[in-house]
Amino acid sequence: MKNINTAFATAIAAAFLASAPFTAAQAQTATTLTKLYASYEKQGRRAVGMPEYGRQVKFSGVVLEASESMDGSSLIRAADVGGNKELARLTPADDAQNAKIGAMRRGAKFTATCEVGFAMGSVYLTMSDCVIQP
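Notes on the environment of Arg89
And then number 1: On the secondary structure map, Arg89 appears in strand S4 (residues 88–92).
And then number 2: Spatially, the C-alpha atoms of Arg89 and Gly117 are 10.0 Å apart, while their sequence positions differ by 28 residues.
And then number 3: Polar contacts involving the side chain of Arg89 include one to the side chain of Glu86, which spans 2.5 Å.
And then number 4: At 3.4 Å, the side chain of Arg89 forms a polar contact with the side chain of Tyr124.

Digging into the pairing of S4
And then number 1: The buried count for S4 comes to 4 of 5 residues, which makes it a mostly enclosed element.
And then number 2: Here strand S3 (residues 74–79) runs beside S4; their pairing, made up of 3 bridges, is antiparallel. Each bridged residue has a counterpart across the sheet, and for Arg77 the counterpart in S4 is Arg89.
And then number 3: Of the strand pairs in this sheet, S4 and strand S6 (residues 125–133) are connected by 4 bridges, and their pairing is parallel. Across the sheet, Ala88 pairs through a bridge with Leu125, a residue of S6.

Points about the packing of aromatic side chains
And then number 1: This model, assessed by the stated rule, comprises 2 aromatic pairs.
And then number 2: On the numbers, 5.8 Å between centres and 55 degrees between planes, the contact of Tyr37 with Tyr40 is tilted. With Tyr37 and Tyr40 both in helix H2 (residues 33–42) and 3 residues apart, this pair spans about one turn of that helix.
And then number 3: Overall, the relative accessible area of 4% leaves Tyr37 in the buried class.
And then number 4: According to the relative accessible area criterion, Tyr40 is buried, its value standing at 0%.
And then number 5: Pairing Phe59 with Phe110 gives two aromatic rings, centres 6.4 Å apart and planes at 75 degrees, and the pair type is edge-to-face. Of this pair, Phe59 sits in strand S2 (residues 56–68) while Phe110 is found in strand S5 (residues 109–116), placing the two residues 51 residues apart along the sequence.

Reading the values: the criteria
- Residues numbered from 1 in each chain as written.
- Predicted model: local features only at pLDDT ≥ 70, side-chain atom pairs only at ≥ 80, totals over all residues.
- Heavy atoms only, no water.
- Helix = DSSP H or I, 4+ residues; strand = E, 2+ residues; numbered from the N terminus.
- Polar contact = N/O pair within 3.5 Å; in protein donor to acceptor, adjacent residues only side chain to side chain.
- Buried < 20%, exposed > 50% of the residue type's maximum accessible area, 1.4 Å probe, protein only.
- Pairing = 2+ DSSP bridges.
- Phe/Tyr/Trp six-rings, centres within 6.5 Å; stacked < 30°, edge-to-face > 60°.

As far as function goes, none of this settles anything; it's purely spatial.
Spelled out as C-alpha cells, the structure:
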C-alpha cells in the first residue's frame, strides 16, 4: 500500500512539474496596445469578455500624459508606440512603481507588464498592477 501511495504522489508531482512551463507561459502574454484595444472593442467595450481580462500582458507604449488618479497614485495615459490615440490608462503595482510612473513624462517610451483590469464602455483600457521595465 505504501508503494502505491508513493507512486501516486510521484505521478502527481511529475504531472504538476510538466505543466509548470505551460502555466508560466500563460501567466504573461506579449502583445501590443493596439491588439488589446481591438479585443476590447470586439467585446463591445467590455473588458470582462476579453480573453486577456484578468491576465498579465506585456507591451510597449508611449506616455501621452502622466498625472494622478483619484486615489492619489500615479497614472499614465498611454498610446501604442508611434501612435497618439489614448488606448489605455496604467496604474502602478506598488510604491516603487508609483514613483517610477510618476517620474515619466510625455513622449517617454516604455515597456510594461500589467493586468488587464475592468472597463466597460470606456474609451480606454484599464491596466492595473503595472510594472515598468527599464
